[in-house]
Amino acid sequence: MIKKTIITNTITFIIVMFFVITFKSIFGNENTLIGVTTITATLMFLERDFTASPLKNVLKFIGVNLLIGLGASLIVASNLWLGLIINFIVVFIFSYIFTYNLRQPLYVPFGLQYLFLLTTPVPTDRLDIRLLALIFGALIIMLVQLLFNKNKLVTSGNKILVDVCESIENKVCCIKGKSNNYDSINNINSSIDEFRTIVYDKGESNYYLTKEAKIKLNISVALEGISRILYSDNNKLINLMILDTLEELVKVAKEVISINSKENKTIQLNSYNIKKLLNYCQEHEINDLLNLQLLEGMICLDDTLEELTKLDIKQYNVVDKIGDKSEIFSKKNIKSFLTDTDSPKYCYGMRMAITMTIGLFLMEYFKLPEGRWILFTILSLTTPLYETIGAAVIVGNIQELTIERILMVAIGTIIAIIANKYLFPYNLEKSNEQLRKIYDASIKKMFKELRSLVEGKNNPEFIKHLFVTISIIESKARMNKQIDKNQNYNNIVNERRYLASNIYELYMWIYRESINSNDIDKIINNVKLLIEYKDDAITNKVTIIQKSINESKNINTKIIISTILVILKELDKLSQLVKLNEKAQI
């Protein structure tokens, strides 16, 4: 492992050095730092997939680079006060654009690039070369994206799903008493989060998901539901025949997911075993939630695997723009940055713009020779998630650490510390509160879509995109809980995850019309009981729904109603956890 890491780092270093040297030979010594920041941005951006809208994104990169280049040149050519205004606008724009409410910020390379250009201006007759270098840098970022991330859902996504399947296999063996080797449920959840992040990136820009992403999203939901049941405290009560069939199904799932071309899709699914299992469960009147919920996940997995085998590799990245975008995903309804004052985008953007303007004022007004260190320090300390690019700001003639340079760093540090604490602060508590609001609004919209579905209207594109978004919300919430010592909050995060998954599963079950015609009214009535939940006692509702399960003769109907019951119980449990959390904070 160590040898592999050394080799990888060595190759990366060689590529970086080759790129920077080549960039310098093309665009001149004065633009070398653009090459440095370009390769920095290129490597950093590889963790995200910008290939869903390549033209749109490359134009955005070019636009920001030109803004930075022209802005830096205008500041140098302008008087102090006009320069400060231009600086504020430029810094806010690139900080706001590349900071994300639900993802890690990516503006650091652009911040470094801006400071390099600001502190190393070129003559007017060389400005065109600098702008060409900036355009070229943006093109390189997107070119590398297309080379490495175009099929990220296949190359990286498949491996994640296969690993989850293997974890499920190991857990089944453990339940059967054949092994003690299995992953924790947290590891499985983290893997599924990572997969859904890939899906989120793939569809974020254009809203609509690719055909491949839709199918594999459903696979991830099925695997998560299966894992949740296998890791429950009473997993020893799982029916043995169900467990045996699951073991076969997961083995087939690994093979199907691993295949990337239509020509090789010769694997036979175990649909016969699933049908045989359903007949068995119906005959033996399996009515308990544990086994019914496990059956739901297995049937969902079996259905989606069959869809995947029928999907031609050429259709993987095809997008069917079916259904209208919901208003929350419509650009014209996205909050203006002037009113979105509670978001990290706005807070980071304003804090960065104000502090960098203060630093520039000190540097220019007092004619500080080493004043750029104030700016570099502010940039470093107001981006705590990226404290390691700090080394990249050490440029220029550095023979010794002078007292003056130390003083500039100290001034920048003081400005950053004060700003982080008092200037548009965005702390853990504020982050958790914002995530809760977004989550609550999203769950309400999921219930609204569920009601619309029951009434005969459907918008599967929206429910899929909404579910992926909720997954990203919860992924970030779990990152926050790692430094949040409130155990109630940790439980709330986990329950919110389960609730969203089950609502999505219920929606997809009803959407697929896996409903016995004789049971439609019964299902509609039970869904209404769920939607009408108002934080009240659920005992009577539980009794009514459980009675529906027991009386149903069709196994599919039992599974659907069992999901309704699980969601109702999760709503009640989540309500109790929230109340406990509120009491703890009083």
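Here the structure is a predicted model, which is why all the values come from computation and not from measurement.

A. The arrangement of the overall build of the protein chain in detail. Secondary structure assignment for the protein chain yields 22 helices and 0 strands. For the protein chain, buried positions account for 54% of its 586 residues. Intrachain contacts of the protein chain at a sequence separation of at least 6 include 82% that bridge at least 24 residues. Just so you have it, the protein chain exposes about 27,600 Å², and 58% of that area is on carbon and sulfur atoms.

B. How the structure looks around a nonpolar patch on the surface. Where nonpolar side chains cluster on the molecular surface, the patch consists of F13, I14, M17 and I21 and spans about 420 Å² of accessible area. Within the secondary structure, I14 is located in helix α1 (residues 2-27).

C. Spatial organisation of a positive patch on the surface. A cluster of like positive charges, contributed by K444, R451, K528 and K534, occupies part of the molecular surface. Within the fold, K534 resides in the loop between α20 (520-531) and α21 (539-551).

D. Molecular detail of the environment of E461. Among the structural elements, E461 can be located in helix α18 (residues 460-481). Between the C-alpha atoms of E461 and L209, which are 252 residues apart in sequence, the distance is 7.5 Å. Side-chain polar atoms of E461 contact the side chain of K214, separated by 2.4 Å.

E. Spatial organisation of the packing of helix α2 (residues 32-45) against helix α5 (residues 108-119). The geometry of α2 relative to α5 is characterised by a closest axis approach of 9 Å and an angle of 175° between their N-to-C directions. In terms of orientation, α2 lies roughly antiparallel with respect to α5. For the pair α2 and α5, contact is made by L33, I34, T37, T38, T40, A41, M44 and F45 and by P109, F110, L112, Q113, F116 and L117, respectively. Tallied by class, the residues present in the contact of α2 with α5 amount to 10 nonpolar, 4 polar and no charged.

F. Spatial organisation of the environment of S190. Residue position: S190 is located in helix α9 (residues 185-204). Residue class for S190 comes out partly exposed when judged on its relative accessible area of 45%.

G. Region of the structure containing α21. With 13 residues, α21 extends 18 Å between its outermost C-alpha atoms, agreeing within 8% with the 18 Å of an ideal straight helix rising 1.5 Å per residue. All of the buried residues in α21 are K541, V542, I545, S548 and I549. Taken down its axis, α21 places every buried residue within 125° of arc, on the same side. Turned more than 90 degrees away from the buried face of α21, the exposed residues are T539, N540, T543 and K547.

H. Layout of unusual backbone geometry. Positive phi, close to 50°, is recorded for E285, a residue that is not glycine. Within the element layout of this structure, E285 appears in the loop between α12 (271-283) and α13 (289-310). Phi angles above zero are rare outside glycine, and K367 is one such case at about 50°. Judged by its relative accessible area of 64%, K367 falls in the exposed class.

I. Representation of the pattern of salt bridges in the model. For the structure shown, the criterion picks out 19 salt bridges. Note that D201 is salt-bridged to R48, the shortest N-O span being 3.5 Å. Here D201, found in helix α9, pairs with R48, found in the loop between α2 and α3 (54-77); they are 153 residues apart in sequence, far enough to count as distant. The exposure class assigned to D201 is buried, which follows from its relative accessible area of 3%. Notably, a salt bridge pairs E247 with K176, separated by 2.6 Å at the nearest N-O pair. A residue pair is termed long-range when its members are at least 10 positions apart, and E247 in helix α11 (residues 240-258) and K176 in the loop between α8 (157-175) and α9 qualify at 71 residues. Given the relative accessible area of 15%, E247 is considered buried. Here the salt bridges do not stand alone but share partners, grouping D193, R196, E224 and R497 into one network.

J. Structural detail: the packing of aromatic side chains. Following the criterion strictly, the structure yields 23 aromatic pairs and no others. Seen in terms of ring centroids, F50 and F61 are 5.6 Å apart; in terms of plane orientation they differ by 70°. Their pairing is edge-to-face. A residue pair is termed long-range when its members are at least 10 positions apart, and F50 in the loop between α2 and α3 and F61 in helix α3 qualify at 11 residues. Residue F50 is classed as buried on the basis of its relative accessible area, which comes to 6%. On the basis of an interplanar angle of 65° and a centroid distance of 6.1 Å, the ring pair of Y182 and Y231 is categorised as edge-to-face. Here Y182, found in the loop between α8 and α9, pairs with Y231, found in the loop between α10 (211-230) and α11; they are 49 residues apart in sequence, far enough to count as distant. Here Y231 falls in the buried class, since its relative accessible area comes to 18%. One aromatic cluster is present, formed by F45, F50, F61, F98 and F110 through successive ring pairs. The ring of Y100 carries the charged tip of R48 above its face, separated from the ring centre by 4.3 Å. We note K171 situated over the ring of Y182; from NZ or CZ to the ring centre the distance is 4.0 Å.

K. Geometry of empty space enclosed by the protein. Throughout the structure, instances matching the rule amount to 4 cavities of 30 Å³ or more. Lining the largest cavity, in full, are D193, R196, F467, I470, S471, E474, R478, R497, A500 and S501. Those elements that provide at least two residues to the lining of the largest cavity are α9, α18 and α19 (487-511). The leading source of residues in the lining of the largest cavity is α18, at 5 residues. Among the residues making up the lining of the largest cavity, the classes are represented as 3 nonpolar, 2 polar and 5 charged.

L. Layout of the state of the cysteines. One pass over the full model with this rule turns up 0 disulfides. The structure places no disulfide on C174, whose sulfur is separated from the nearest cysteine sulfur, that of C173, by 8.8 Å.

Reading guide: rules and limits
Residues numbered from 1 in each chain as written. Predicted model: local features only at pLDDT ≥ 70, side-chain atom pairs only at ≥ 80, totals over all residues. Heavy atoms only, no water. Helix = DSSP H or I, 4+ residues; strand = E, 2+ residues; numbered from the N terminus. Buried < 20%, exposed > 50% of the residue type's maximum accessible area, 1.4 Å probe, protein only. Contact = heavy atoms within 4.5 Å. Areas by Shrake-Rupley, 256 points an atom, 1.4 Å probe, with all protein chains shown as cover. Patch = residues over 30% accessible without salt bridge, like charges linked within 9 Å, V, L, I, M, F, W, Y side chains within 5 Å. Salt bridge = Lys/Arg side-chain N within 4 Å of Asp/Glu carboxyl O. Lys, Arg positive; Asp, Glu negative; His and termini not counted. Charge placed at Lys NZ, Arg CZ, Asp CG, Glu CD. Polar contact = N/O pair within 3.5 Å; in protein donor to acceptor, adjacent residues only side chain to side chain. Axes fitted to C-alpha atoms, helices over the stretch in contact; angles between N-to-C directions. Parallel < 35°, antiparallel > 145°, perpendicular 65-115°, else oblique. Nonpolar A, V, L, I, M, F, W, Y, C, P; charged D, E, K, R; others polar. Expected span 1.5 Å × (residues − 1). Arc of directions from axis to C-beta. Phe/Tyr/Trp six-rings, centres within 6.5 Å; stacked < 30°, edge-to-face > 60°. Lys NZ or Arg CZ within 6 Å of the ring centre and 35° of its normal. 1 Å grid on protein atoms, 1.4 Å probe; cavity = no way out; pocket = protein on both sides within 12 Å on 5 of 7 lines; lining within 4 Å. Points joined across faces, edges and corners; volume = space filled by probe spheres on them. Disulfide = S-S within 2.5 Å.

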